[in-house]
Amino acid sequence: MLKTLASYIKEYKKPSIATPVFMILEVLMEMLIPFLFASLIDDGVQAENMNHILTVGGIMVVIAAIGLYAGIMGGVCGAKASTGFAKNLRKGMFDKIQTYAFSNIDKFSTAGLVTRLTTDVTNVQNSYQMLLRMCMRAPVSLILAMVMSFVVNARIASFFMIAVVLLGCVLALIISKATKYFQAAFPKYDELNASVQENVSAIRVVKAYVREDHEKKKFKAASNGIYDIFVKAEKTVSYNNPVMQITVYTCILLISWFGAKMIVGSGATELTTGELTSLLSYCMNILMNLMMVSMIFVMLSMSFASAKRIAEVLNEEPSLVNPENPCYEVKDGSIAFEQVDFGYSEGDDKRVLTDINLNIRSGETIGIIGGTGSSKSSLVNLISRLYDVTAGSVKVGGRDVREYDIETLRNEVSVVLQKNVLFSGSILENLRWGDKDATEEECIRACRLACADEFIESFPDKYNTHIEQGGNNVSGGQKQRLCIARALLKKPKILILDDSTSAVDTATDAKIRHAFANEIPDTTKLIIAQRISSVQHADRIIVMDNGKISGIGTHEELLASNEIYRDVYESQTGGSGDFDENGGEA
Amino acid sequence: MPGPGGPRGPMPRGMKPSVKNPGKIFRRIIGFVTRNYLVHCIVVIVCIIVSVLASVQGTWFTKNLIDQFIVPLLSQKEQGLVPDYSGLLNAILRVAGFYGLGVIASFTNTRVMLYITQGTMRNLRDELFVHMETLPIKYFDTHSHGDIMSIYTNDVETMRQMISQSIPQLINSGITIVSVLVSMILLNVPLTVLALFLIGIMLFVTKKTTGLSGKFFVKQQKNLGMVNGFIEEMMAGQKVVKVFCHEKENIEKFDELNNELCDSSYNANKFVNILGPINAQIGNISYVIIAIVGGAMALNNIGGFSVGALVSFLTYNRNLSMPINQVSQQFNSIIMALAGGERIFNLLDEKPETDEGYVTLVNAKREMGELTESDKRTGLWAWKHYHKDTGTTDYVELKGDVVFDDVDFGYNEDKLVLHNVSLYAQPGQKIAFVGSTGAGKTTITNLINRFYDIQDGKIRYDGININKIKKGDLRRSLGIVLQDTHLFTGTVMDNIRYGKLDATDEEVYAAAKLANADGFIRRLSDGYNTMLTGDGTNLSQGQRQLLAIARAAIADPPVLILDEATSSIDTRTERIVQDGMDKLMKGRTTFVIAHRLSTVKNSDCIMVLEQGRIIERGTHDELLAARGKYYQLYTGNNIAG
């Protein structure tokens with residue numbers, strides 16, 4: 001997992017290496033400062049030597065300047081490396097997601113992907129910066145202090161060793177326990193936020209059912225749960241400080257006692273007073289750094305979950321890949337299904353489509369009708385290879401869809417999805433998703449075909465009208481017509497409308513169908529609809545039921561032979577109409 | 001989107017958020033903390049003082065170790081005497097005692113502090129949520145969900161940091177600064193002024209640097225918003241991207257935004273990172289300057305300043321710059337927390353939904369022709385109407401008789417969306433509303449359950465003005481299936497049971513069967529125990545609607561409102577569901593909003609709305625005969641068909 005992430009450091013390797021180097025340089029300068037302080041006081045101030053004070057002061061200014069340089073460079077490189085790493089991670093994930101097939105997208109929720117690309121990356125970025133800036137600094141200064149104290153006096157320094165080992169063990173114990181609690185706590189925290197989110201968006205349901213008290217109780221239980229687990233986690237961590245202090249204080253007192261005895265006992269030969277002072281300050285330094293290392297560890301382990309989630313996205317293999325020698329041309333708009341079975345999850349043998357056999361000629365108009373969950377959408381999704389069949393084969397233009405270059409296939413098979421979206425930008429920009437080189441005239445023509453022209457012309461900015469994110473400033477029916485126009489601009493050989501006129505009033509719906517029949521007669525058209533009137537005049541109608549084809553034929557044939565079709569028809573007789581929001585204009 | 005940021009670090013907002021009245025908000029935050037944890041807070045302050053003092057006397061001991069103990073002992077030895085360690089031992093034991101106290105104090109401090117922090121966080125969240133639940137729908141209409149969410153995640157988090165870190169740090173630093181400053185002044189006044197001047201420079205540099213980084217933080221925030229917005233939009237539309245093979249263009253656009261973000265966030269972080277080293281080195285240089293100046297003073301005997309005093313002064317100077325540095329660094333996070341606090345208190349200050357209603361809904365039974373209250377669920381409901389002036393209590397049978405009398409309504413005072421709406425729904429009738437989007441269909445149903453209050457006119461429910469009915473009871477009497485289906489995280493069973501919390505499993509099954517949902521539920525991987533997550537995204541739109549209908553059905557309400565409740569359900573299934581609902585609602589009132597003709601055709605009365613006015617009303621046949629708008633729509637279909 002960490003390997004996966006590390007491979008995204010890429011061009012930021014240099015600052016990533018430079019940061020710890022500069023930090024070490026800064027630490028070295030920092031370690032020199034106490035020496036100079038000591039010298040300043042012992043040989044300068046106390047010896048009443050003004051020259052020495054000036055000399056040492058001058059050296060200190062130089063050291064401080066070097067330290068400043070190293071510190072600044074370390075900070076700059078650290079910022080460069082961590083923000084660059086974050087950029088690469090975001091890009092890596094975004095690019096990877098673009099290669100995902102529908103089944104990959106289904107696996108992650110939209111919200112999940114967004115979190116990974118935003119919050120998780122920020123977490124990793126912060127940890128990475130800390131890792132670069134602190135992870136070298138603390139251990140290096142720890143080791144340096146250790147070495148120095150051994151140089152000064154090995155016997156007393158061995159106290160530190162014992163203390164360091166002891167403290168290290170205790171801290172490791174505390175942290176491993178706390179990390180466990182924290183890792184359990186964060187998902188709960190996410191859950192709590194999710195429940196707030198749910199309440200905010202479903203407030204009308206809560207209020208309509210007068211469930212405020214129920215929700216409050218639920219929330220309080222959850223928030224108490226979080227309280228308990230965080231208290232537990234922090235209780236564990238709260239031993240950190242006292243343990244640390246006890247160790248530091250004990251060390252100081254022991255060093256004072258034995259150091260004093262040693263100085264006095266040896267007549268200041270084995271240990272001098274100046275050395276004792278340095279030992280005391282090294283002792284503080286070592287233990288402080290140990291504490292720092294342990295804190296870094298806690299922080300890193302907290303961002304571990306984020307790193308894991310990012311790696312999941314990066315390591316996900318797209319389930320659809322282009323064939324080795326892809327075919328770049330789709331001959332015509334004919335479609336054939338040969339003994340097709342299809343299920344969404346591989347391991348599971350639940351099939352949403354079984355034993356589908358179909359032959360559609362180029363230029364035919366096919367209606368598809370069927371109940372909620374009868375797999376109408378699943379059927380058409382196989383044609384543009386949004387999913388791969390589990391068994392059998394789907395052919396377009398006489399060739400298996402798996403032999404085509406995916407982009408070529410999808411440009412020739414244009415689908416208007418059931419859950420369709422427009423993107424923020426002008427109407428023209430949205431339309432040009434279908435063909436980025438389309439002229440304004442071509443766009444207008446497509447909109448005429450989709451009956452979108454009339455309402456677009458009624459907007460003050462016409463084709464330059466800005467569409468809000470998700471297309472929230474146009475009505476459902478308008479959105480659907482724009483989506484159809486966008487799909488038409490591809491000039492596809494096969495056009496699939498997946499319940500794409502459900503919010504369009506019936507009269508307009510009919511107009512669109514007339515336009516299709518007259519203007520693009522050679523395009524194969526598949527129309528999924530709830531309304532009989534939308535499919536009634538198709539060349540053939542497919543009736544889907546429970547993942548199987550229950551009947552194929554013309555309106556009249558099906559009325560005579562297919563019970564489901566007759567049933568649907570009867571439920572809508574007397575005009576299968578809808579009162580649409582645009583009924584007025586119709 | 002639920003941002004699982006939480007304690008892992010809030011998103012940095014602009015570095016200098018403006019807070020209108022920081023002092024007031026600060027006091028309010030302190031007030032909020034001390035309301036439940038006053039004793040805890042006092043304990044914490046005492047503990048901080050004790051531990052600071054313990055560590056100060058420790059420092060003092062190590063400073064004096066050499067002068068007062070080792071040097072005399074050495075001279076004792078040199079004089080041939082046996083060194084007497086008892087004084088040193090006593091001193092060490094005494095210091096150990098103080099240290100012990102310090103450890104106990106700091107342990108108590110952390111312990112108590114964690115209860116204050118976590119407890120306050122819990123209280124804050126609970127209070128926010130409880131208050132939010134009481135707010136009127138209007139609040140949710142006028143505040144973006146993202147902003148509300150960010151209060152729970154970012155703002156509460158900055159508050160946590162302030163309470164758990166910034167404030168204790170401030171107290172700690174404050175005590176240290178005061179004690180050190182006093183000692184410095186006692187030692188040498190001119191040098192203290194010099195030291196303060198140098199610290200002033202340090203603060204000035206800090207301010208300049210944060211100012212510079214602030215500019216980039218604002219830019220980073222803006223770029224972050226743009227990147228996040230783009231990500232959200234594209235992740236939501238990823239399937240459309242695939243269908244249009246728009247991946248390459250997407251990547252290009254993303255790269256552009258991503259690079260800009262990287263740039264500004266690099267600059268913002270850079271300045272924060274270099275602040276530490278700059279201040280550390282200024283600290284070192286200030287040490288040198290004071291050593292030189294002080295040294296000159298001591299050597300030339302100016303103002304009776306001794307060498308020993310200079311040594312102490314230098315130590316104090318170091319001890320002073322550290323806490324001041326810390327305070328200046330805490331400053332930003334406090335400003336951020338205050339901005340967060342302002343938003344939190346804004347939500348808490350938001351006026352809750354008012355409810356002056358006093359008429360309540362009770363189960364009733366009929367005894368000798370008289371309605372009386374019953375504690376059991378009898379299937380018969382009554383409005384308990386207490387008349388203040390006469391002191392009597394009436395029971396009015398709940399029938400579902402709804403009257404709109406010349407109602408005007410607008411979401412904003414100045415823009416009416418409903419004009420002179422009058423309607424009469426007799427018990428047992430099915431009333432349908434048809435008309436274009438924005439005609440006011442949903443608005444009418446929102447008035448019946450008092451999601452909004454009307455500007456003018458009257459709405460009567462069984463002859464009672466709905467303003468007199470307690471909101472909870474009013475809403476309990478109305479089953480409603482809304483246009484957007486919202487499900488909750490939990491099992492399918494939990495979701496249906498939402499309509500009636502004490503429903504038995506059998507009742508749930510029955511409701512699901514009535515809504516024709518039983519079939520698909522049983523085909524789900526865990527049947528009724530299947531977990532639904534993320535607002536039920538693992539179900540199709542139609543399936544979600546069926547669940548929402550089952551949820552309403554189990555509540556078994558006297559009046560039912562169906563707002564486009566079957567729009568994503570195919571017509572065959574819809575008919576089965578409708579038959580079930582019709583049976584359930586027999587003798588009760590149903591309001592239906594639909595754009596599908598088959599849904600409304602068999603209604604007792606169809607209202608055609610246009611631009612907030614009812615323009616036609618009547619049965620299907622009557623409206624056809626009238627050859628008005630309804631006819632137009634209807635025959636439009638025929639042309640199409």
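Please read all numbers here as calculations on a predicted model, not as lab measurements.

Trainee: Would you explain the overall build of chain B in this entry?
Mentor: Secondary structure summary: chain B contains 18 helices and 16 strands in total. Since a compact globule built from 641 residues should have a radius of gyration of about 26 Å, the 36 Å found for chain B marks it as more spread out than a globular shape. Here the C-alpha coordinates of chain B stretch approximately 125 × 70 × 50 Å along the principal axes. Classification of the 641 residues of chain B by burial places 55% in the buried group. If you take every contact in chain B between residues at least 6 apart in sequence, the share linking residues at least 24 apart comes to 71%. Only carbon and sulfur atoms are counted for the fraction: they give 56% of the accessible area of chain B, which is about 27,500 Å². Once the 65 positive and 63 negative side-chain charges of chain B are each reduced to a mean point, those two points are 5 Å apart.

Trainee: I'm lost on the sheet that holds strand E3 (residues 381-387) of chain B in this one. Help?
Mentor: Adjacent strands of a sheet form backbone hydrogen bonds with each other and so pair up, either parallel or antiparallel. Residue and element names in this part refer to chain B. The sheet built from four strands is open, its strands ordered E2-E1-E3-E4 with antiparallel pairing. In the strand order of this sheet, the two ends are held by strand E2 (370-373) and strand E4 (392-397), each with one partner. The mean inter-strand angle of the sheet, taken between neighbouring strand axes irrespective of direction, is 50°. Relative to E2, strand E1 (residues 360-367) runs antiparallel, the two being bridged by four bridges. By the bridge assignment for E2, Lys365 is matched with Thr372.

Trainee: In this structure, what is going on with the environment of Asn250 of chain B? I would like to understand it.
Mentor: Looking at the element boundaries, Asn250 of chain B is found in helix H7 (residues 247-299). Asn250 of chain B sits in the buried class, given a relative accessible area of 3%.

Trainee: What is the right way to read the pairing of strand E11 (residues 540-545) of chain A from this model?
Mentor: On a regular strand, each side chain points to the face opposite its neighbour's, so the side chains alternate between the two faces of the sheet. Residue and element names in this part refer to chain A. In this structure, strand E3 (residues 365-370) lies alongside E11, joined through five bridges in parallel fashion. Across the sheet, residue Ile369 finds its bridge partner in E11, namely Val543. Relative to strand E12 (residues 548-553), E11 runs antiparallel, the two sharing five bridges. Residue Ile541 lies in a different strand from E12, and its bridge partner there is Gly553.

Trainee: Where do I start with the sheet that holds strand E4 (residues 391-396) of chain A in this structure?
Mentor: All names here are of chain A. Reading across from one edge, E2-E1-E4-E5 is the order of the four strands in this open sheet, with antiparallel pairing throughout. Sheet topology places strand E2 (353-360) and strand E5 (399-400) at the edges, where each strand pairs with a single neighbour. As judged from the two bridges shared by E4 and E5, these two strands associate in the antiparallel manner. Counterpart to Val396 in the pairing with E5 is Arg399.

Trainee: Can you help me understand the pairing of strand E7 (residues 430-435) of chain B in this one?
Mentor: Residues and elements named next belong to chain B. Summarising burial for E7: six of the six residues are buried, a large majority. Judged from the four bridges that link them, E7 and strand E14 (residues 589-593) form a sheet pairing that is parallel. Across the sheet, Ile431 pairs through a bridge with Phe591, a residue of E14. Where E7 lies against strand E15 (residues 605-610), five bridges are found, and the strand directions are parallel. Looking at the pairing, Ala432 lines up with Ile606 of E15.

Trainee: What's the story with the pattern of salt bridges in this structure? I'm lost.
Mentor: A side chain with one charge can pair with a side chain of the opposite charge if their charged atoms come near. One pass over the structure, following the stated rule, counts 36 salt bridges over all chains. A salt bridge links Asp255 of chain B to Lys91 of chain A; the shortest N-O distance between them is 2.9 Å. Of this pair, Asp255 of chain B sits in helix H7 while Lys91 of chain A sits in helix H3 (residues 50-99), which puts the two residues in different chains. Salt-bridge contacts for Glu442 of chain A lead to Lys491 of chain A; the nearest nitrogen and oxygen are separated by 3.3 Å. Residue Glu442 of chain A is found in helix H15 (residues 440-449), and its partner Lys491 of chain A is found in the loop between helix H17 (476-488) and strand E9 (494-498); the two are separated by 49 residues along the sequence. One connected set of salt bridges, linked through shared partners, spans Lys207 and Glu212 of chain A together with Glu353, Lys471 and Arg475 of chain B.

Trainee: Just to check I follow, could you spell out the interface of chain B and chain A for this structure?
Mentor: How big an interface is tends to be stated in terms of the accessible area lost upon association of its parts. Taken together, the contact pairs 159 residues of chain B with 161 residues of chain A. The junction of chain B with chain A conceals about 15,000 Å² of combined surface from both sides, 66% of it contributed by carbon and sulfur atoms. At the junction of chain B with chain A, the criterion picks out two salt bridges. For Glu353 of chain B, the salt bridge goes to Lys207 of chain A, with nearest N and O atoms at 2.7 Å. Counting every contact that joins chain B to chain A gives 23 residue pairs in polar contact (both at pLDDT 80 or more). For the side of chain B that touches chain A, the element with the most residues is H7 of chain B, which contributes 28 residues.

Trainee: Any chance you could explain helix H18 (residues 506-519) of chain A here in plain terms?
Mentor: Since the α-helix turns once every 3.6 residues, residues separated by three or four places project in the same direction. Between the first and last C-alpha of H18 of chain A there are 20 Å, a value that for 14 residues agrees with the 20 Å anticipated at 1.5 Å per step. Within H18 of chain A, the full set of buried residues consists of Thr506, Thr508, Asp509, Ala510, Ile512, Arg513, Ala515 and Phe516 of chain A.

Trainee: What am I meant to see in the packing of helix H2 (residues 86-134) of chain B against helix H4 (residues 145-187) of chain B here?
Mentor: When two helices pack together, their arrangement is captured by the angle between the axes and the distance separating the axes. Residues and elements named next belong to chain B. Running from N to C, H2 and H4 point in directions that differ by 155°, and their axes come no closer than 10 Å. The angle between the axes of H2 and H4 places the two elements in the roughly antiparallel class. Between H2 and H4 the crossing geometry is right-handed. Residues Met113, Ile116, Thr117, Thr120, Met121, Leu124, Arg125, Leu128, Phe129 and Met132 of H2 form the contact with H4, whose participating residues are Ile148, Ile151, Tyr152, Val156, Met159, Arg160, Ile163, Ser164 and Pro168. Looking at the contact of H2 with H4 residue by residue, the class counts come to 14 nonpolar, three polar and two charged.

Trainee: Sorry if this is basic, but what is going on with the environment of Thr272 of chain A here?
Mentor: All names here are of chain A. When you line up the elements, Thr272 lands in the loop between helix H10 (240-266) and helix H11 (273-315). When its relative accessible area of 32% is taken as the criterion, Thr272 is described as partly exposed. Taking the C-alpha atoms as reference points, Thr272 and Met262, 10 residues apart in sequence, are found 9.0 Å from one another.

Trainee: Help me understand the packing of H4 of chain B against helix H5 (residues 189-236) of chain B, please; the structure alone is not making it clear to me.
Mentor: Residues and elements named next belong to chain B. Close contact between H4 and H5 brings their axes to 6 Å; oriented N to C, the two are set at 135°. Of the possible angle classes, the one that applies to H4 and H5 is oblique. For the pair H4 and H5, contact is made by Leu181, Met184, Ile185 and Leu187 and by Val189, Thr192, Ala195 and Leu196, respectively. Here the contact of H4 with H5 is built from residues that sort into seven nonpolar, one polar and no charged.

Trainee: I'm lost on the side chain of Asn465 of chain B in this one. Help?
Mentor: Here Asn465 of chain B is to be found in strand E9 (residues 464-465). Beyond its immediate stretch of four places on either side in the chain, Asn465 of chain B contacts Lys458, Ile459 and Arg460 of chain B.

Trainee: Explain the confidence of the model for chain B here, please?
Mentor: Predicted coordinates in regions of low pLDDT should not be interpreted in detail. All names here are of chain B. Summarising the model, chain B shows a mean pLDDT of 80, and 93% of its residues fall at 70 or more. A low-confidence stretch, residues 1-17 (pLDDT under 50), is modelled with 59 contacts involving residues beyond four sequence positions or located in other chains. The low-confidence segment residues 637-641 (pLDDT under 50) makes 12 contacts with residues lying over four places distant or belonging to another chain. Scored by ipTM, the complex comes to 0.79, with pTM at 0.77.

Trainee: I tried to follow the packing of aromatic side chains on my own but got confused; where do I start?
Mentor: Scanning the entire structure with this criterion turns up 20 aromatic pairs over all chains. Through a chain of ring-to-ring contacts, three or more aromatic side chains come together here, namely Phe94 of chain A together with Phe230 and Phe254 of chain B. One residue, Lys80 of chain A, lies across the ring of Tyr266 of chain B, its end atom 4.6 Å from the ring centre. Looking at Arg122 of chain B, its charged tip hangs above the ring of Tyr227 of chain A, at a distance of 4.0 Å from the centre.

Trainee: Help me understand the side chain of Glu364 of chain A in this model?
Mentor: Tracing the backbone shows Glu364 of chain A in the loop between E2 and E3. Judged by relative accessible area, Glu364 of chain A falls into the buried class, the value being 4%.

Trainee: Mind showing me how you'd approach unusual backbone geometry here?
Mentor: It is generally the case that most residues other than glycine have a negative phi and that most peptide bonds are trans. Residue and element names in this part refer to chain B. In this structure, Asp462 takes a positive phi of about 50° despite not being glycine. Here Asp462 shows up in the loop between strand E8 (456-461) and E9. On the accessibility criterion, Asp462 (12% relative accessible area) is buried. Phi at Asn516 takes a positive value of approximately 60°, unusual for a residue other than glycine. The class of Asn516 is partly exposed, set by a relative accessible area of 29%.

Parameters at a glance
Residues numbered from 1 in each chain as written. Chains lettered and ligands numbered in written order. Predicted model: local features only at pLDDT ≥ 70, side-chain atom pairs only at ≥ 80, totals over all residues. Heavy atoms only, no water. Helix = DSSP H or I, 4+ residues; strand = E, 2+ residues; numbered from the N terminus. Rg over C-alpha atoms; globule rule 2.2 N^0.38 Å. Buried < 20%, exposed > 50% of the residue type's maximum accessible area, 1.4 Å probe, protein only. Contact = heavy atoms within 4.5 Å. Areas by Shrake-Rupley, 256 points an atom, 1.4 Å probe, with all protein chains shown as cover. Lys, Arg positive; Asp, Glu negative; His and termini not counted. Charge placed at Lys NZ, Arg CZ, Asp CG, Glu CD. Pairing = 2+ DSSP bridges. Axes fitted to C-alpha atoms, helices over the stretch in contact; angles between N-to-C directions. Salt bridge = Lys/Arg side-chain N within 4 Å of Asp/Glu carboxyl O. Buried area = accessible area lost by both parts, 1.4 Å probe. Polar contact = N/O pair within 3.5 Å; in protein donor to acceptor, adjacent residues only side chain to side chain. Expected span 1.5 Å × (residues − 1). Parallel < 35°, antiparallel > 145°, perpendicular 65-115°, else oblique. Left-handed = near helix turned anticlockwise from the far one by under 90°. Nonpolar A, V, L, I, M, F, W, Y, C, P; charged D, E, K, R; others polar. pLDDT = per-residue confidence, 0-100. Phe/Tyr/Trp six-rings, centres within 6.5 Å; stacked < 30°, edge-to-face > 60°. Lys NZ or Arg CZ within 6 Å of the ring centre and 35° of its normal.

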